[in-house]
Amino acid sequence: MFRKAAVATVSNGSYLQGQANGRLPSMDSGQPAQEGKVVLKKKVTLLRGISIIIGTIIGAGIFISPKGILKNTGSVGMSLTVWTACGILSLFGALCYAELGTCIKKSGGHYTYILEAFGPLPAFVRVWVELLIIRPAATAVISLAFGRYILEPFFMQCEIPELAIKLITAVGITLVMVLNSTSVSWSARIQIFLTFCKLVAILIIIVPGVIQLIKGETQHFKNAFAGNDASVMGLPLAFYSGMYAYSGWFYLNFVTEEVENPEKNIPLAICISMIIVTVGYVLTNVAYFTTISAGELLLSKAVAVTFAERLMGNFSLAVPVFVALSCFGSMNGGIFAVSRMFFVASREGHLPEILSMIHVRKHTPLPAVIVLHPLTMIMLFNGDLYSLLNFLSFARWLFIGLVVAGLIYLRYKRPDMPRPFKVPLFIPALFSFTCLFMVALSLYSDPVNTGIGFAITLTGVPAYYLFIVWDKKPKWFRKLLGKSRWDFSPSCKLGISQGSPCCEILPIDPLSCSEPGMTMQVSFWHML
């Protein structure tokens, strides 16, 4: 009655049955590929990898977070210092994930690395909190920015109705879900195009800013560190805002099994992307302060639009459109990557088995994509932008710090593991300490939102023992959860492959099934 975790290995991009021993087996297991098996194909090239990282990082953060950082640091100089420090810290974290991605060639990102280093309990808690808090909240945050900026040209002289923003946002979220459920190739192509739009939007801000500096517009940089002193309470929130703006450097590790030549392309994509983003972010913030004072920036609800209105006249109408496309790219990249975490967690037995299904013709993890839609809608219509930002930051950076600490642990636990790319030990030590230190300070500086995040994170522990470990469940409990079933009949054109390590969505028709009229049932929570 109890389904043990089915641990998978990878060979030539195919998911194969591994040893159910609580760990992901070696890449060199030498197991033969299963013929005719539907898999997620290796379609992520170096260019697509760069577009995933840049396209996910550059979203609303650079256009919204300048206000959050300035508010919590108190001065122009300190805010620019925090932007630079967050860029360096993010680069350190990205280098650590480059090492992990080249020595553990499994998709799943944070979840997979925690499972490798610390075992199933913390890995389950990680995917549990990702499903309940982090991904729905992160998608809601970036989607709200998309909704605001896409409507900005139509409400230049008045306030945008909040209901209109949320309705347009809901349409955007649904469109992203449909796109990622339809085609991996088209999602990747659109991501490349949107990444180009992001870089154009950044250049539209940087180039006029540089021209302003050449003209001598430096009055806002005089006494740059004068103003309110950064407090112990405000500084962690400023770093949260900055790290949120840089977050996304880890998403390529979520799709490792779909990356061509991961030993080479993962480190290259990460390093190229982080250099471009860090330089672009710092120069963008410098450009802002050539035209907008600190007080005006704090009052602006759309910093990039305010900047463009001052310098570009009617052309400023194009800026919100570019920013909206930028936000849409972050939505698309985030859903594309995180759905693979749910797919892998289901494959390991930590999420409902239906989430490990693949559409036979589209080759997309369709259930793992659409499962986020209702939770994101709940987040969207409850809570404001900055509360959501602080709310999700606690759990996100707690586990990222734990993952990088796991890298250090694996250096001693498994010293013979092949590491094509290896970083100096002080980099993961500094990054993990900084993440955990920020999390600890956030408990003091923002106890309400952080406390909520901490409490929901802890719910993963009883959930693990309830759904995964506890084998002798009462009959009424098993009956209650066992009622969640779907019938896969010929009219649905969906079915479940047999003899495969993970369930896949397959067509049931006379050509693909020896019994074309059969009906198959799948328990939603097949762990019981």
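Residue indices begin from 1 for each chain and proceed along its sequence in written order. Where local features are concerned, this predicted model is filtered to residues with pLDDT of at least 70; where side-chain atom pairs are given and counted, the filter is 80 or more; whole-chain, interface and lining totals use all residues. For the side-chain quantities, the full set of heavy atoms in the structure was used; hydrogens and water were omitted.

**Comments concerning the packing of aromatic side chains**
Aromatic rings from Phe, Tyr and Trp, with only the six-membered ring used for Trp, were paired whenever their centres fell within 6.5 Å, and each pair was classed as stacked if the ring planes differed by under 30 degrees, edge-to-face if by over 60, and tilted otherwise. One pass over the structure, following the stated rule, counts 20 aromatic pairs. Centroid distance Tyr 97 to Tyr 113: 5.8 Å. Interplanar angle 80°. Geometry classified as edge-to-face. Pair noted here: Tyr 97 is in helix 3 (residues 76–103) and Tyr 113 is in helix 4 (residues 110–118), with a separation of 16 residues, a long-range link. Each residue is placed in one exposure class: buried if its accessible area under a 1.4 Å probe, protein chains only, is under 20% of its type's maximum, exposed if it is over 50%, and partly exposed if it falls in between. Accessibility expressed as a relative area gives 0% for Tyr 97, which makes it buried. The exposure class of Tyr 113 is buried, given its relative accessible area of 2%. What links up through ring pairs into an aromatic cluster is the set Tyr 97, Tyr 113, Trp 249, Phe 250, Tyr 251, Phe 254 and Phe 431. Note on conventions: DSSP H or I runs of at least 4 residues are helices, E runs of at least 2 residues are strands, and numbering of each starts at the N terminus.

**Some points on the packing of helix 7 (residues 184–214) against helix 11 (residues 303–312)**
As a rule, the C-alpha atoms of each element are fitted with a line to give its axis, helices using only the stretch in contact, and angles between N-to-C directions run from 0 to 180 degrees. Look at helix 7 against helix 11: their axes get within 11 Å of each other, and the N-to-C directions meet at 50°. It follows that helix 7 is oblique to helix 11 by the angle criterion. Classified by chirality, the crossing of helix 11 by helix 7 is left-handed. Residues Ile 204, Ile 205, Pro 208, Gly 209 and Gln 212 of helix 7 pack against Ala 304, Phe 307, Leu 311 and Met 312 of helix 11. Residues that form the contact of helix 7 with helix 11 fall into these classes: 7 nonpolar, 2 polar and no charged. Orientation labels follow simple angle bins: below 35 degrees gives roughly parallel, above 145 gives roughly antiparallel, 65 to 115 gives roughly perpendicular, and whatever is left gives oblique. Left-handed describes a crossing whose near helix is turned anticlockwise from the far helix through less than a right angle; right-handed describes the clockwise counterpart. Here, two residues are considered to be in contact whenever any of their heavy atoms come within 4.5 Å of each other. Only Asp, Glu, Lys and Arg are considered charged, only Ala, Val, Leu, Ile, Met, Phe, Trp, Tyr, Cys and Pro nonpolar, and every remaining residue, Gly among them, polar.

**Thoughts on the nonpolar core**
One finds Trp 249, Leu 252, Tyr 281, Trp 397 and Phe 431 to be the most contacted residues of the largest nonpolar core, which totals 129 residues. Apart from the residues lying within four places of it in its own chain, the contact partners of Phe 431 are Leu 89, Phe 92, Gly 93, Met 243, Trp 249, Trp 397, Ile 400 and Val 404. Judged by nonpolar contacts, the second largest core, of 6 residues, contains Phe 124, Trp 128, Ala 463 and Tyr 464. Residues grouped as a nonpolar core are buried Ala, Val, Leu, Ile, Met, Phe, Trp, Tyr and Cys residues, joined through side-chain atoms within 4.5 Å.

**Here's the deal with unusual backbone geometry**
Trans is the common state for peptide bonds, and a negative phi is the common state for residues other than glycine. For Asn 261, which is not glycine, the phi dihedral falls at a positive 45°. With respect to the element layout, Asn 261 can be found in the loop between helix 8 (234–246) and helix 9 (262–291). Accessibility expressed as a relative area gives 42% for Asn 261, which makes it partly exposed.

**Regarding the confidence of the model for the chain**
pLDDT is a residue-level measure of predictor confidence that goes from 0 to 100. Taken residue by residue, the chain gives an average pLDDT of 77. The fraction at 70 or more is 78%. Taken element by element, the predicted model of the chain shows its lowest mean pLDDT in strand 3 (residues 485–488) (32) and its highest in helix 4 (92). Per-residue pLDDT stays below 50 along residues 1–35; that stretch engages in 97 contacts with residues further than four places along the chain or on separate chains. Here residues 483–528 scores under 50 on pLDDT; set against residues more than four positions off or in separate chains, the count is 110 contacts.

**Digging into the side chain of Asn 180**
Secondary-structure assignment places Asn 180 in helix 6 (residues 162–182). Taking relative accessible area as the criterion, Asn 180 reaches 2% and is therefore assigned buried.

**Here we look at helix 6**
Here a helix's expected span is defined as the number of its residues, less one, multiplied by 1.5 Å. In this model helix 6 runs 31 Å from its N-terminal to its C-terminal C-alpha over 21 residues, within 8% of the 30 Å that 1.5 Å per residue would give. Within the span of helix 6, buried status applies to Ile 165, Lys 166, Thr 169, Ala 170, Gly 172, Ile 173, Val 176, Met 177, Leu 179, Asn 180 and Ser 181. Packing partners of the buried residues in helix 6 comprise helix 5 (120–151), helix 7, helix 12 (318–347), helix 13 (366–370) and helix 14 (372–380).

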